[in-house]
Amino acid sequence: KQEVTQIPAALSVPEGENLVLNCSFTDSAIYNLQWFRQDPGKGLTSLLLIQSSQREQTSGRLNASLDKSSGRSTLYIAASQPGDSATYLCAVTQSGNTPLVFGKGTRLSVIA
Amino acid sequence: GAGVSQSPRYKVAKRGQDVALRCDPISGHVSLFWYQQALGQGPEFLTYFQNEAQLDKSGLPSDRFFAERPEGSVSTLKIQRTQQEDSAVYLCASSPPTGLTEAFFGQGTRLTVV
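Residues numbered from 1 in each chain as written. Chains lettered and ligands numbered in written order. Predicted model: local features only at pLDDT ≥ 70, side-chain atom pairs only at ≥ 80, totals over all residues. Heavy atoms only, no water.

(A) Here's a closer look at the overall build of chain B. Scanning chain B from terminus to terminus reveals 0 helices and 11 strands. The linear arrangement of helices and strands in chain B, starting from the amino end, is β-β-β-β-β-β-β-β-β-β-β. Compactness check: chain B gives a C-alpha radius of gyration of 13 Å against a globular reference of 13 Å for 114 residues, within 12% of the reference. Dimensions along the principal axes, computed over C-alpha positions, put chain B at roughly 40 × 25 × 25 Å. Across the 114 residues of chain B, 46% fall into the buried class. Put simply, of all contacts in chain B between residues at least 6 apart along the chain, 50% involve residues at least 24 apart. Carbon and sulfur atoms make up 48% of the accessible area of chain B, which totals about 5600 Å². (Helix = DSSP H or I, 4+ residues; strand = E, 2+ residues; numbered from the N terminus. Rg over C-alpha atoms; globule rule 2.2 N^0.38 Å. Buried < 20%, exposed > 50% of the residue type's maximum accessible area, 1.4 Å probe, protein only. Contact = heavy atoms within 4.5 Å. Areas by Shrake-Rupley, 256 points an atom, 1.4 Å probe, with all protein chains shown as cover.)

(B) View of the interface of chain A and chain B. Facing the 21 residues of chain A at the interface are 25 residues of chain B. Between chain A and chain B, the buried area comes to about 1700 Å², and carbon and sulfur atoms account for 51% of it. For the pair chain A and chain B, the interface holds 6 residue pairs in polar contact (both at pLDDT 80 or more). Listed by contribution, the elements that provide at least two residues to the side of chain A that touches chain B are β4 (32–38) and β5 (44–51) of chain A. Of the residues contributing to the side of chain A that touches chain B, the split by class is 8 nonpolar, 11 polar and 2 charged. (Buried area = accessible area lost by both parts, 1.4 Å probe. Polar contact = N/O pair within 3.5 Å; in protein donor to acceptor, adjacent residues only side chain to side chain. Nonpolar A, V, L, I, M, F, W, Y, C, P; charged D, E, K, R; others polar.)

And the structure:
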């Protein structure tokens, strides 16, 4: 059974700092990996989707990498801002249109 | 609409009451998923539809939970005889029929059973 772990569970950084969030999964036979952002009381906003054949994806200040063979992904946030404060969730699928398996998330606070 | 829409946003139910949660997916999206998110946890899979067919309901926690999507668009998640442990946020997601299969989520329905 696929299990997804996110480290750290919570992180507090000063504004402007670059940071890395980690995600690991136990079964490397994934179809894709998706990073989401969740604000308190809100739904999930998709940030980046990485297909299993890809190594990384970038969107603005965000960069996600995927090392499928070792079962790891990282989300890099450059020049963090208070507006980045949220919970970041990592999720994987085993094949097209199968359910996402989520980690518990990393709660990020960026202090002005 | 432009995104996945869920209603109601908040629901308070007395223990034993039946509830119905609605999901309106993005137009043209074939796949629809329901997830349950407990406080401080990641979402957990409940059930999956492809058009009107319920292809996987292995995540439904008990026979009090029932989902339908009769015309392949709007879906309803029904919980009968609600219990306190049903309190959670219920999230709906839809995906396009081909391509990257990226999941798009609604705002969720926060259910509180008192």
